[in-house]
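The lines below spell out each chain.
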Amino acid sequence: MITIIHQRDKCIGCNYCVELAPQRWIMSKKDGKAVLIGAKEKNKFWVVKVHDDEEESNRKAASACPVKIIAVK
């Protein structure tokens, strides 16, 4: 299992995460920011544990993020 962490309040809505890992990310129509599907909020960080088969796509999304607010552990 891996953990994906997203600092959503700092998201600029660039859409790279959605393009690189569409199974885990969508863009909110409400505020234009990315939503980490299945995540729960913990102290302004959105966190979700997923299977290892999602690691590569989400690592690519984390590296592409221009504001570096996605972490994969």
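Given the structure is predicted, the values throughout are model-derived calculations rather than measurements.

## A few points about the pattern of salt bridges
Using the criterion set out here, one finds four salt bridges in the structure. Taking the shortest distance from any N to any O, the salt bridge between Arg24 and Glu54 comes out at 2.8 Å. Of this pair, Arg24 sits in the loop between α1 (16-20) and β2 (25-27) while Glu54 sits in the loop between β5 (45-50) and α2 (55-64), placing them 30 residues apart in sequence. With a relative accessible area of 13%, Arg24 lands in the buried category. Overall, Glu54 belongs to the buried group, its relative accessible area being 12%. Between Arg59 and Glu55 there is a salt bridge; the shortest N-O distance is 2.8 Å. Separated by four residues within a single helix, Arg59 and Glu55 lie in helix α2, roughly one turn from each other.

## A word on the nonpolar core
Side chains of a nonpolar character, in soluble globular proteins, are inclined to be buried together. Judged by nonpolar contacts, the single largest core of 18 residues is most densely connected at Ile4, Cys17, Trp25, Leu36, Val48 and Ile70. Elements that contribute at least two residues to this core include exactly β1 (2-6), α1, β3 (34-36), β5, α2 and β6 (70-72). Excluding anything up to four places from it in sequence, Val48 contacts Ile2, Thr3, Ile4, Arg24, Leu36, Ile37, Gly38 and Ala39.

Calculation rules
- Residues numbered from 1 in each chain as written.
- Predicted model: local features only at pLDDT ≥ 70, side-chain atom pairs only at ≥ 80, totals over all residues.
- Heavy atoms only, no water.
- Salt bridge = Lys/Arg side-chain N within 4 Å of Asp/Glu carboxyl O.
- Helix = DSSP H or I, 4+ residues; strand = E, 2+ residues; numbered from the N terminus.
- Buried < 20%, exposed > 50% of the residue type's maximum accessible area, 1.4 Å probe, protein only.
- Core = buried A, V, L, I, M, F, W, Y, C linked by side-chain atoms within 4.5 Å.
- Contact = heavy atoms within 4.5 Å.

No statement about biological role is implied by the geometric values presented.
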